[in-house]
Amino acid sequence: MKLSFSPADEQFRQEVAQWLNVNLTGDFAKIRFRGGPGDEHMFQHERQQWEKTLAAGGWTCVGWPKQYGGRGCSIEQQVIFFEEYARAGGPGRVGHIGEGLAGPTIIAFGTDAQKHKYLPGIVAGTDLWCQGYSEPGAGSDLANVKTKARFDAEKNKWILNGQKVWTSLAQEAHYCFVIARTDANSSGHKGLGFFLLKMDQPGVTVRPIQQITGTSEFNEVFFDDAECDADDIVGAPGDGWKVAMGLLGFERGVSTLGQQMQFQNELDEVIALAKQNGAAKDPIIRQRIAKAHAELKIMRYNSLRMLSGQSGSDGSLQKEALIYKLYWATWHRALGELAMDVMGPESQILEGTPYQLSRLQAMYLFVRSDTIYGGTNQIQRNIIAERGLGMPKEPRG
Amino acid sequence: MKLSFSPADEQFRQEVAQWLNVNLTGDFAKIRFRGGPGDEHMFQHERQQWEKTLAAGGWTCVGWPKQYGGRGCSIEQQVIFFEEYARAGGPGRVGHIGEGLAGPTIIAFGTDAQKHKYLPGIVAGTDLWCQGYSEPGAGSDLANVKTKARFDAEKNKWILNGQKVWTSLAQEAHYCFVIARTDANSSGHKGLGFFLLKMDQPGVTVRPIQQITGTSEFNEVFFDDAECDADDIVGAPGDGWKVAMGLLGFERGVSTLGQQMQFQNELDEVIALAKQNGAAKDPIIRQRIAKAHAELKIMRYNSLRMLSGQSGSDGSLQKEALIYKLYWATWHRALGELAMDVMGPESQILEGTPYQLSRLQAMYLFVRSDTIYGGTNQIQRNIIAERGLGMPKEPRG
Amino acid sequence: MEFAFTDEQLMIRDTAQAFLAEVSTSEAIRAAMATDTGYDRQLWQQICNDLVWPALHIPEQFGGMGLGYVELVAMLEQMGRYLLCSPFYASVCLGVNSLLLAGSDEQKKQWLPQLAAGTTATLAWCDGSAGERGGNWNADTISATATPDGQDYILSGEYRYVVDGASAELLIVAARLPGSVGAHGISLFVLPAHTAGVSRQTLPTLDQTRKQSAIQLHRVRVPASALLGKAGNAAPGLQTVLDLAAIALAAEQMGGAQQCLDMAVAYTKERVQFGRSIASFQAIKHKAADMMLRVEVARSGVYYAACVAQEALEGGPLAGELSEAASIAKSYCSDAYFKNAAECLQMHGGVGFTWEYDVHLHFKRAKASEHFLGTGAYHRERLAQWLLDQEGAA
Amino acid sequence: MEFAFTDEQLMIRDTAQAFLAEVSTSEAIRAAMATDTGYDRQLWQQICNDLVWPALHIPEQFGGMGLGYVELVAMLEQMGRYLLCSPFYASVCLGVNSLLLAGSDEQKKQWLPQLAAGTTATLAWCDGSAGERGGNWNADTISATATPDGQDYILSGEYRYVVDGASAELLIVAARLPGSVGAHGISLFVLPAHTAGVSRQTLPTLDQTRKQSAIQLHRVRVPASALLGKAGNAAPGLQTVLDLAAIALAAEQMGGAQQCLDMAVAYTKERVQFGRSIASFQAIKHKAADMMLRVEVARSGVYYAACVAQEALEGGPLAGELSEAASIAKSYCSDAYFKNAAECLQMHGGVGFTWEYDVHLHFKRAKASEHFLGTGAYHRERLAQWLLDQEGAA
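What you see is a predicted model, and the numbers here were worked out from it, not measured in a lab.

Enquirer: Please clarify how the overall build of chain C should be interpreted in this entry.
Expert: A tally of regular secondary structure across chain C gives eleven helices and ten strands. Here chain C has a C-alpha radius of gyration of 21 Å; the compact-globule value for 394 residues is 21 Å, and the two agree. A principal-axis box enclosing the C-alpha atoms of chain C has dimensions of 80 × 55 × 45 Å. Within the span of chain C, comprising 394 residues, buried residues form 68% of the whole. Sequence-distant contacts in chain C: of pairs separated by 6 or more residues, those separated by 24 or more amount to 74%. For chain C, the accessible area works out to roughly 12,400 Å², and carbon and sulfur atoms hold 50% of it. Computed over 29 positive and 41 negative side-chain charges, the separation of the two mean positions in chain C equals 6 Å.

Okay, structure coming up:
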């Protein structure tokens, strides 16, 4: 166990920093530090251009194997890349669902044909993805998925019908990975399929959800005889749960470090504000800032532990990974409250009419979704108690 | 709604204060502020004498009707009595279970014979009582009571067998009110009886429980063919639940104000200590002290609302009474932690060997039982949600 | 001593509840939010003319109903619960109270009947520095000046965080003798909002159910009759007004906390997951139980404070406890409302995060009310000063 | 960079775990608690002779095993978990570290082999004023004086809260030049505990698993060779020792927090109420989940700090982060252990409140460890000073 980096890795750090220093300029200067959660709807055009610029420099999919167009970086190098990216104020990545979730899933479970079809567009920063998991009334429990996929042998296509909700960036995405029920009579975790679906088709309708922020990162997505090629199912029909569980692991990968650097930027802004308006002299605010700082520092090391995967030798999610969602979501929510309390009554005053929020105001509101989507804090605690501690399941009603 | 007292009541206040000023002296000076929770084992002899002195002055059972030997005080006068008693440092009352629980239950549900037999001893301060509710493994859920009472027609007596636990002051008590199963085949809330049992008999064994404090306020009480006269059942066999529920209401009566004055004395000691050792200059400690103070002030008014009984016109426990146990227990537990944190590292140093705790150290440890006995905080929350908010019951396993 | 609502008080509460449930619906709130003034003028007329609520605690000799702070609080609780968008709080809890506490009989006679009849008013005192250090509500945030000029005064300066400041018809403003500091040299003035030299801007706010404004006074000339009380001596009266305002706000917060509980319980009873109403899960039940605890404790704190407030208005024996009772109520209710609103949002899951559901209105209002007039921490520190910094106390 | 235990580190941890589970049983702890020294001398001999644990991170040239702080922390975690009553913490985490940080090669050669072999030591620095203001661990609590007298020093003064101070064979003490203040003028000395003029008293403590003492020096004469490092210059080294000690204590706390979780889960799985194992109730499960979260986060914080500590001992690039890492670990672990112990007690219901069950041992130890070397709030304020009070930071 050791924290410091090798000289070779430090040299890699220089390389990343320098590239960003040269490229995150000009038209891209204005998107520095923008486009994070709660701000994802902003600067879409510029950020899509930025994604292609990153790709041109070989800085997308840095952790993917070289054979799939990635940079083949070691975990240490990925850590460094995310650190430097965030330090430079690299904007929220429009490609992150493709790079972090869809791509790794296809690499792990997809066919060669799927790899050829989908990976290059992700690496090139041209194909954006979204995630079709949650459904109305089902929460984030995949066992409750009701969207149906039936195979039409004549068309040689899968035909999808149903509705997804809380789909972020569906308006911008070219593709969506969708969990749907391939066996109409199945229930629970059985009979699910994992589909790769083209968004630009008549059978797909996207309807933005107006959120607490007044903006609409999230959407409802309706499938009315939406079509998928026969080849666009990952794994066999019925394997959807397995594939989705594999994907869950990717969510807790190196990209968590990128998220943390985003958190760090937010905390830095809170600290700067506190110094500026005198809240930094308030002993209670001081405690809360110090706590946020300490827990973010620990969050980083917790991620590094997750990446080492040591205690998961039995194939189960390690304990430090089991608690991670609950931990960061709760931390982030507290940061939102801290930001407001540092601002004091000025926290109430917006940047403009009709409802133009500052970055921290938007963050404050947006983080309320962190403890809900992808399994509420309550669900997370159930999972921790049952999988992590072997406590008995709640009786189903 | 009005807070201040009438001139007549203020005159009564003078009377109480003066009597205490004259009587709580001499041998009794050393028991001022003593004998509260966690300190109940201390000065038993002196406090039993004090109980009789109070009785001689007409200051026991002040809220009881005059016909039963009480003083017949109005609620306002009772409030005043408890306030002045605590202000004067009146010691923990050895008679409180008789005066506050057994007596009112007998008055409400007992026969004339029972009233004649038991009430005078309580009023005179000569008969001390304890409470036989909890059983090992059953928690404080009376539905799980296993102690059995069978009627022996030959002896014309009830014969009790079983075990109670967490019985405070069982060593000192002359009587115990016991919930036992009169119908051996019953379960749950049915088939219970409420018995008035003499402690000094061969069938009753008291075994002290050594607690976290090293002391033993609590006891196990064993019944091996313990006997009760045929007349010593309150209500009919099978009425035990109803009687016990009635008693629950008495627990939330005026005596809660006495408990609060005890809390106030403890808080005052914490504040004095903080001023003395400089902790009062620590902003975090200041917040916690202010919070404790604010919530204790509110506790008083919450009790006054309970006493008014207004919202309970449908016979149910009012909302402010439903939350009361959870509120005070949680408050008191926090006070214990605050006391320690005010003391800092000195909190660790005892008054003497082998394990002689200061009043605040004992309080700190003892309050951990507050959130457990009489229904844990978890049980309290169930009760609040189910009875107060009409939320569905948890399925039983 | 008497610790229950009288039948009359219960009737006032129930009438307000029934009326507001009908008129302050989700749609009505959203419509009012979108207006410039932030409230429905027609509804306000109805409230003033038919229900005469603004007259509630104004003495009869000044055109009021002569009821007390307990009645007022019973009504404010319902307004907070139903998020009534109206100038009531500014007009009554700031405006009327300022005149009651600081005005001469002459001034009361002039203004209170108008306020009772529905003329709107507000109080402006602090400048933007109230927004510093996480919220600073001490007298040193009063920077506007009042310079004597013959029989008149010339008022200059800025105010911020003024509730309904852009729509109020009457302004009560605090200003200080040039060069004075702290609590010294402060005076209160009453002036029509259209007086020359007054400029006002509505500030866009996160919580849209109550408008805030900035006000600038550019050498505003007012006559001596505009001065409330003795020149330079207004600090104690202003403090009383702010304490009364804090208690009123706490009552609203308590009502809001109650509504968040009610919404959460209703929603979770209806919502089924894992084959059960989610209200049957302990995690949900225990959250709800804690919410109810906070509501009931808040209620006790507010009623207690209301009794003290009434004594303060009457000069009763407990009048001296006003600041303490205000800080107790405001600190507890600020935390209780925010926590309940946050839990309510969490218990609603995804839909709680939408603009469509009402949860966010409470969630935002709770944070706004928490900060206005001082957070829980601010008021606890105020309590700590009395408890810990005075010689011989406790 | 490498963020997993090596196989060797895993072996050390597992060996310690297995050994301590066997020897530090409930009965053994209670027996040790009741002794004057607070530990079982025979067990200590076994630990020193057979397991050579005190030698763990002492360099090989000074008779040690030459392992690092990560290995030490892996072991301390298990000691905290099993509440091992022993002089290990005082001797190794205070004594050895003081000599490593402040001693000359000569002094290390003289003392470290003895400590590696089981001679017990401790560090005494603060006086009773460390107990004021809720706990004050700054340099101004050092009041003992060291007055040069020819080649010797005369040491006088008092110490309090000295871990195992009455039983340690070797004392390392901080004393200041008469008249110096704050961090100036502080020196460290090493002396045998039986030196003339030293008097010591065991203080009875709430937590009985670790003894504390008061020590008085009455004009104790020590030779120049007793001085560790340069006279008057010990403050930075002492701070490093205290930071290392805080990290070591955090490791124990984390182990204790883990044990509280394990005890709570085991008990609630077994205990049946309302016809169900109470571990099946969400209220219990969610408490346990939060406990596990705290343990795992604490673990991450402690391992991170251990890596930094190792760099501090080696002079690595992250050595400058030591104080920060120590405050992060100590603040988080102090709160985590106490909360877990408190929850464990609550989840045990009535029996958790008895002397018979072990829960109270952790509950008491948690509060003791929380206060020793500074509470969570103390360390957060220390962090806040770096974050908020430095020009140009963040």
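Next, the rest of the story.
Enquirer: It is not clear to me how the overall build of chain A should be interpreted in this structure. Could you clarify?
Expert: Scanning chain A from terminus to terminus reveals twelve helices and eight strands. Within chain A, buried positions represent 60% of all 397 residues. At a minimum sequence separation of 6, the contacts of chain A that also span at least 24 residues come to 71%. Measuring between centres, the 42 positive side-chain charges of chain A sit 4 Å from its 45 negative side-chain charges.

Enquirer: I would appreciate a short explanation of the domain arrangement of chain A in the present structure.
Expert: All names here are of chain A. Domain assignment breaks chain A into domain 1 (7–94), domain 2 (129–238) and domain 3 (252–388). Distance between the C-alpha centres of domain 1 and domain 2: 29 Å. Counting from both sides, the interface comprises six residues of domain 1 and, opposite them, five residues of domain 2. At the boundary of domain 1 with domain 2, total buried surface from both sides reaches about 540 Å², with 52% on carbon and sulfur atoms. For domain 1, the biggest contributors to the area lost against domain 2 are Glu 40, His 41 and Gln 44; these three give 66% of the whole. Here domain 1 is connected to domain 2 by two residue pairs in polar contact (both at pLDDT 80 or more). Tallied by class, the residues present in the side of domain 1 that touches domain 2 amount to no nonpolar, four polar and two charged.

Enquirer: Sorry, what's going on with the interface of chain D and chain A here?
Expert: By a frequent convention, interface size equals the accessible area lost on bringing the separate parts together. Contact residues are listed per partner, giving 55 residues for chain D and 49 residues for chain A. Carbon and sulfur atoms make up 65% of the area that chain D and chain A hide from each other, which totals about 4,900 Å². Three residues, Met 1, Phe 3 and Leu 388 of chain D, lead the burial of chain D against chain A; their summed loss comes to 19% of the area buried on that side. Counting every contact that joins chain D to chain A gives six salt bridges. Here Arg 305 of chain A ties to Glu 296 of chain D by a salt bridge, and the two come within 2.9 Å at their closest N and O atoms. If you look at where chain D meets chain A, you find 18 residue pairs in polar contact (both at pLDDT 80 or more). For the side of chain D that touches chain A, the secondary structure elements donating two or more residues are α1 (7–23), α7 (235–270), β10 (276–277), α8 (282–314), α9 (322–348) and α11 (376–388) of chain D. Top element by residues in the side of chain D that touches chain A is α8 of chain D. It accounts for 19 residues.

Enquirer: Would you mind showing me how to read empty space enclosed by the protein here?
Expert: A probe as big as a water molecule, rolled over the atoms, marks out the empty space that is left. All names here are of chain C. Applying the stated criterion across every chain yields a total of ten cavities of 30 Å³ or more. If you add up the space inside the largest cavity, you get close to 100 Å³. Partitioned by chemical class, the residues of the lining of the largest cavity number five nonpolar, four polar and five charged. No fewer than three residues from each of domain 1 (7–89 + 108–119) and domain 2 (123–228) sit in the lining of the largest cavity.

Enquirer: Would you mind going over unusual backbone geometry with me for this structure?
Expert: Of all residues except glycine, most have a negative phi; of all peptide bonds, most are trans. With omega at -5 degrees, the peptide bond leading from Thr 353 of chain A into Pro 354 of chain A counts as cis. Tracing the backbone through its elements, the reader meets Pro 354 of chain A in the loop between α10 (324–343) and α11 (359–366). Notably, Asn 156 of chain A is not glycine yet its phi reads approximately 55 degrees, a positive angle. Tracing the backbone through its elements, the reader meets Asn 156 of chain A in the loop between β2 (148–152) and β3 (157–168). For Asn 156 of chain A, a relative accessible area of 45% gives the class partly exposed. Positioned with a positive phi, Leu 169 of chain B is a non-glycine residue whose angle comes to about 60 degrees. Structurally, Leu 169 of chain B is set in the loop between β3 (157–168) and β4 (175–181).

Enquirer: Help me understand the environment of Ile 284 of chain A, please; the structure alone is not making it clear to me.
Expert: Relative to the helices and strands, Ile 284 of chain A is located in helix α8 (residues 283–308). Each C-alpha atom of the pair Ile 284 of chain A and Gln 259 of chain A lies 27 Å from the other, and the pair is 25 residues apart in sequence. What Ile 284 of chain A contacts, discounting residues up to four positions off in sequence, is Pro 283, Ile 284 and Gln 287 of chain B.

Enquirer: Got a minute to help me understand the packing of helix α4 (residues 69–81) of chain C against helix α8 (residues 282–314) of chain C in this structure?
Expert: The packing of two helices is summarised by the inter-axis angle and the distance between the axes. Residue and element names in this part refer to chain C. With their axes 8 Å apart at the nearest point, α4 and α8 run at an angle of 145 degrees to one another. Considering only the axes of α4 and α8, their crossing is right-handed. Residue-level contacts link Tyr 69, Val 70, Val 73 and Glu 77 of α4 to Arg 299, Val 302, Tyr 303, Ala 306, Cys 307, Ala 309, Gln 310 and Leu 313 of α8. Counted by class, the contact of α4 with α8 contains nine nonpolar, one polar and two charged residues.

Enquirer: Please clarify how the domain arrangement of chain C should be interpreted in this entry.
Expert: Residue and element names in this part refer to chain C. We note that the domain assignment places domain 1 (7–89 + 108–119), domain 2 (123–228) and domain 3 (235–393) within chain C. With 15 residues of domain 1 at the interface, the matching set in domain 3 holds 33 residues. Interface area, domain 1 with domain 3, both sides summed: about 1,900 Å², of which 62% is carbon and sulfur. Linking domain 1 with domain 3 are twelve residue pairs in polar contact (both at pLDDT 80 or more), by the criterion used here. Counting residues per element, the ones that place at least two in the side of domain 1 that touches domain 3 are α2 (26–33) and α4. Looking at the side of domain 1 that touches domain 3 element by element, the count peaks at seven residues for α4. Class assignment of the residues belonging to the side of domain 1 that touches domain 3 gives a composition of eight nonpolar, four polar and three charged.

Enquirer: Would you mind showing me how to read the pattern of salt bridges here?
Expert: Side chains that differ in charge, positive against negative, can pair when their charged atoms come close. Residues and elements named next belong to chain D. In the structure shown here, the tally under the stated rule is 85 salt bridges over all chains. Across the pair Glu 252 and Arg 365 runs a salt bridge, and its minimum N-O distance is 3.0 Å. A residue pair is termed long-range when its members are at least 10 positions apart, and Glu 252 in helix α7 and Arg 365 in helix α10 (residues 359–371) qualify at 113 residues. Given a relative accessible area of 3%, Glu 252 falls into the buried group. A relative accessible area of 2% places Arg 365 in the buried class. One salt bridge connects Lys 287 with Glu 343, and the closest N-O pair in it is separated by 3.0 Å. Of this pair, Lys 287 sits in helix α8 while Glu 343 sits in helix α9, and the two are 56 residues apart along the sequence.

Thresholds applied
- Residues numbered from 1 in each chain as written.
- Chains lettered and ligands numbered in written order.
- Predicted model: local features only at pLDDT ≥ 70, side-chain atom pairs only at ≥ 80, totals over all residues.
- Heavy atoms only, no water.
- Helix = DSSP H or I, 4+ residues; strand = E, 2+ residues; numbered from the N terminus.
- Rg over C-alpha atoms; globule rule 2.2 N^0.38 Å.
- Buried < 20%, exposed > 50% of the residue type's maximum accessible area, 1.4 Å probe, protein only.
- Contact = heavy atoms within 4.5 Å.
- Areas by Shrake-Rupley, 256 points an atom, 1.4 Å probe, with all protein chains shown as cover.
- Lys, Arg positive; Asp, Glu negative; His and termini not counted.
- Charge placed at Lys NZ, Arg CZ, Asp CG, Glu CD.
- Domains from an automatic or database assignment.
- Buried area = accessible area lost by both parts, 1.4 Å probe.
- Polar contact = N/O pair within 3.5 Å; in protein donor to acceptor, adjacent residues only side chain to side chain.
- Nonpolar A, V, L, I, M, F, W, Y, C, P; charged D, E, K, R; others polar.
- Salt bridge = Lys/Arg side-chain N within 4 Å of Asp/Glu carboxyl O.
- 1 Å grid on protein atoms, 1.4 Å probe; cavity = no way out; pocket = protein on both sides within 12 Å on 5 of 7 lines; lining within 4 Å.
- Points joined across faces, edges and corners; volume = space filled by probe spheres on them.
- Axes fitted to C-alpha atoms, helices over the stretch in contact; angles between N-to-C directions.
- Left-handed = near helix turned anticlockwise from the far one by under 90°.

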